[in-house]
Amino acid sequence: MSTYQRRFVGAELLPRHLSEFDVEQFFRLLPDDVLAIRDRFRADRRLGPALQLVFLRASGRPLDRFAAVPKHLLRHLFTELGLAAINIASLRTLYVRRETLYDHQKWAREHAQLDVADDAATAEIKSALDEFARDAASVDELVGYAMNWLYDRRLLIPADRVMRDWCRQSYASIEHAALKIVKAAIPKGQLAFLSQTMYEERGETTVLEWLKSPIGRHGPTTLTDATEKIVYLKSLHAHEWKLDGITVARQRAYAQSLSARPPSASKRRKDDAQALEVVSFLRVTLLELTDSTLYVASRRISDLVRRATNKTQAIRLKTGSQYREQLVSIKSIISGEDLTAQQKLVAIDALVSADIEAAEASQAAMTRQVLVEEPVGVRALLKSMADLEIRGHDQDRELKQLQELRQLHDCKMHELPTDFDNSIVDRRWLPLIECNDRARAMRAFEACTMLSVRKGLRSGRLWIDHSFSFKDREQMLIPEAEWARTRIHYASLLKVPLSAEEYLKPLLANIEAGLASVAEARELGKLDIDDNGDLHLPALEALPDEPGARRTRDAISTAIGAVQLPDLLLQADADVNFSETLLGRKASSVDELIALYGGMIAHGTENDAKGVAAMIPQLQPSQITAAMRTLEAPGRLRRANERVVEFQRQIPIAALWGQGDKASADMMALDASRHLYNARVDPRRRTFGAGIYTHVLDRYGVIYDQPIVLNERQGGAAVEGVERHNQSGEDRVRLSLLEGRPGIVRNPQKKRLADCSKTKSHLADAKAGFHRPVLFN
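What counts and what doesn't
Residues numbered from 1 in each chain as written. Predicted model: local features only at pLDDT ≥ 70, side-chain atom pairs only at ≥ 80, totals over all residues. Heavy atoms only, no water. Patch = residues over 30% accessible without salt bridge, like charges linked within 9 Å, V, L, I, M, F, W, Y side chains within 5 Å. Areas by Shrake-Rupley, 256 points an atom, 1.4 Å probe, with all protein chains shown as cover. Salt bridge = Lys/Arg side-chain N within 4 Å of Asp/Glu carboxyl O. Helix = DSSP H or I, 4+ residues; strand = E, 2+ residues; numbered from the N terminus. Buried < 20%, exposed > 50% of the residue type's maximum accessible area, 1.4 Å probe, protein only. Phe/Tyr/Trp six-rings, centres within 6.5 Å; stacked < 30°, edge-to-face > 60°. Lys NZ or Arg CZ within 6 Å of the ring centre and 35° of its normal. Core = buried A, V, L, I, M, F, W, Y, C linked by side-chain atoms within 4.5 Å. Contact = heavy atoms within 4.5 Å. Axes fitted to C-alpha atoms, helices over the stretch in contact; angles between N-to-C directions. Parallel < 35°, antiparallel > 145°, perpendicular 65-115°, else oblique. Left-handed = near helix turned anticlockwise from the far one by under 90°. Nonpolar A, V, L, I, M, F, W, Y, C, P; charged D, E, K, R; others polar. Pairing = 2+ DSSP bridges.

J.: If you had to explain a nonpolar patch on the surface to someone new, which residues and values would you point to?
T.: Taken together, the side chains of Ile556, Ile560, Val563, Leu565, Leu568, Ile651, Ile653, Leu656, Trp657 and Tyr700 define a hydrophobic patch exposed on the protein surface, amounting to about 1000 Å² of accessible area. For the nonpolar patch, the secondary-structure elements that each account for two or more residues are α25 (547-560) and α26 (565-576). With respect to the helices, strands and loops of the structure, leucine 565 is situated in helix α26. A relative accessible area of 46% means that leucine 565 is categorised as partly exposed.

If you want it as structure tokens, here you go:
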């Protein structure tokens, strides 16, 4: 069930206003319900149990608080029950006697088949909360998990105080365990030193603000700044802390809390809470900086290789022109009559002998030669990565090359020894490493090691312990002993079968159905398959212009009229309640809600916090800044967007736009600072920018977005958006067709159809890796 369809789960009272759409989707009275109410209650007592029933189904809680009933809901209930329409001030009018309220609540619970949680169910929910608390960022999020867990199992959601007591207990137990892990990993004296160090001045800012500042775009200066921060963090021994017992999500939550709070406010927190946040912040910052450093280093390596390739192309062009000149010279020598045959051979041999060896080199070999002549780029890049503790298996050639190069650098050697072991080097580099010029051979070995390290990190043969993306694969998996003990528990939480065969059955059935559909469509002439196995759909033809549709569009626009942005935000929030998702709880005041809207405007426009605060007189820039940092919490913005998309899908007019099974995807370039590490030059506008790749449904809802680097292939981002959308909800309409840019993605099933010949190998790989899945903690 989607997040939008769960927006009333856990509610304790009816909202002040309900639209007709809300009543139809969430508070509808079924025909069987009407018959049951008529059989059980007399005419003047039917409205109460009907209200209790529809509210219980939508929220999972009984309606106990006496509040006003929305007029659309009253009108619907009166119509379905065949009662005369009346106006009531509140539910207090219906329940003069408390016993009547209890009787209606009991009947509604029995009719809706909701059970009260017994001791066994309570123990189970507490066990589940202990698991959820490991990744929850706050008690409010944990309460949401608990209410959804009870709602899925058709259990009555208890009072908010009881729920929060459970969640606080689980959250506190995880927090106490995290604090215990921190104290065990770091001595008490060092904890106090770390808390004090964060607020010391470093230049014009504090150490905390210096570490929070992001790195710039890829370049030597960026690598130097990032390496300086990594060296500082490692001087605090952040890379040696054993914090595996604290999930990464919880560490990120603690680090986010410290980042989003002013340093003066963080300094006033209690010692234990401050120590937990500071340690998590330092650890997460080290891991993120390591990933960013490796990413920037990879971009620098690509720049060096591209520069060498461009030089190689220029050399080949120059060599081609010289070769043409030599041919002309040879032809003139041959046609000359003043030389003998022997003299002509000597002249030709003197003309071409010096360039025969260079002409035999290939494009790749020439690129390696030019890369070796790079004066400082390769060596400076390797030295900037020297502080990263790259590890691997002892038998891997990449690790042996790195270790040998570090020993040579430690000995301050600028020439490769004559007794160097060439067996650890790729054979393509041997001609350059075995040359007589040992200084040039040293540069060749450095270039070879640089490319080997990048390849090893990408493939996983090399890893770094203090990293998120380049961690050892074994560290990303659940330990074997724990997996053997808790395998059934994890499978039940993820709602997946225990065997790979059961998991693959629906996937294989989907593939078979897709192949059958393709075969049927080919017989009907709806698509073609070329010799390469690629699918081709006929070009879409534009529909003829319909004056009636244009007049309808203009009439709708005239009826709606001009709408101000604040009114649109308030109405959308009233219908969808996205502010609760963004905050992780309900807004505590009007100023907090308005500040949240201001933070959304600041993130979505070129205005900053000061500019937005100038447009809203009752708010300060600090409130807008705090709201902007709240929106940066992982996952909240995407969950709020899902609510909006699901609400839009349920609008009746959206059904006329499409069925929800098709989408389009494309990238849009956004202006960015040249100091951003993933900014690139837009080839059309010649300005720095970054790409945002979005998926738009045929009902015009944005279902997925991902920032990508300009001038990169977009096929992976397109397929990822389809897979995330199709796997995010059981009741969601799956995408069957994605229209992308020409030559990138035309049909998400195309790759699967092309890989059908590899089904057996895929099954073997799935069986081999199913018994110990990846642990995203």
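This is not the end of the story, as more comes after the structure.
J.: Could you give an account of the packing of aromatic side chains, naming the residues involved and the relevant values?
T.: Enumeration according to the criterion identifies nine aromatic pairs in this entry. Aromatic pair phenylalanine 8 and phenylalanine 26: ring centres 5.2 Å apart, planes at 65°, arrangement edge-to-face. Taken together, the positions of phenylalanine 8 in the segment before α1 (20-26) and phenylalanine 26 in helix α1 put the pair 18 residues apart, joining distant regions of the chain. Given the relative accessible area of 13%, phenylalanine 26 is considered buried. These aromatic residues form a ring-pair network of at least three members: Phe8, Phe26 and Phe27. The ring of tryptophan 210 has arginine 202 sitting right over it, with the charged end atom 3.8 Å from the ring centre. A cation sits over an aromatic face here: arginine 250 above tyrosine 171, 4.4 Å from the ring centre.

J.: Please give an account of unusual backbone geometry that cites residues and values.
T.: A positive phi is found at lysine 412, a non-glycine position, where the angle reads about 55°. For arginine 686, which is not glycine, the phi dihedral falls at a positive 60°. Looking at the element boundaries, arginine 686 is found in the loop between β8 (680-681) and β9 (688-697).

J.: How would you explain the nonpolar core if you had to name every residue and give the values?
T.: With 76 residues, the main nonpolar core has Met198, Leu211, Leu282, Ile390 and Trp429 as its most contacted residues. Other than its neighbours up to four places away in sequence, methionine 198 contacts Thr206, Val207, Leu208, Leu211, Leu236, Val278, Phe281 and Leu282. The next biggest cluster of nonpolar side chains, apart from the first, holds 34 residues, and it includes Ala50, Leu51, Ala58 and Leu63.

J.: Report on the packing of α26 against helix α28 (residues 590-604), specifying residues and quantitative values.
T.: Axis separation between α26 and α28 bottoms out at 12 Å; the angle between their running directions is 115°. On the basis of their axis angle, the class for α26 and α28 is roughly perpendicular. The two elements α26 and α28 cross, and the hand of that crossing is right-handed. Together, Leu565, Leu569, Leu570 and Asp573 of α26 and Leu593, Tyr597, Met600 and Ile601 of α28 make up the contact between the two elements. Each residue belonging to the contact of α26 with α28 can be placed in one class, and the counts come to seven nonpolar, no polar and one charged.

J.: If you had to explain the pairing of β9 to someone new, which residues and values would you point to?
T.: Across the 10 residues that make up β9, a large majority, seven, are buried. The pairing of strand β7 (residues 662-671) with β9 spans nine bridges and is antiparallel. What sits directly across from methionine 667, in β9, is tyrosine 693. The pairing of β8 with β9 spans two bridges and is antiparallel. The partner of arginine 680 across the bridge, within β9, is glycine 689. A loop of six residues connects β8 with β9, the two strands running antiparallel in sequence, and arginine 686 in this loop sits at a positive phi of about 60°. In terms of strand pairing, β9 meets strand β10 (residues 702-708) through six bridges, oriented antiparallel. Within β10, the position partnered with histidine 695 by the bridge is tyrosine 704. Where β9 folds back on β10, the antiparallel hairpin that results is connected by four residues, among which tyrosine 700 adopts a positive phi of roughly 65°.

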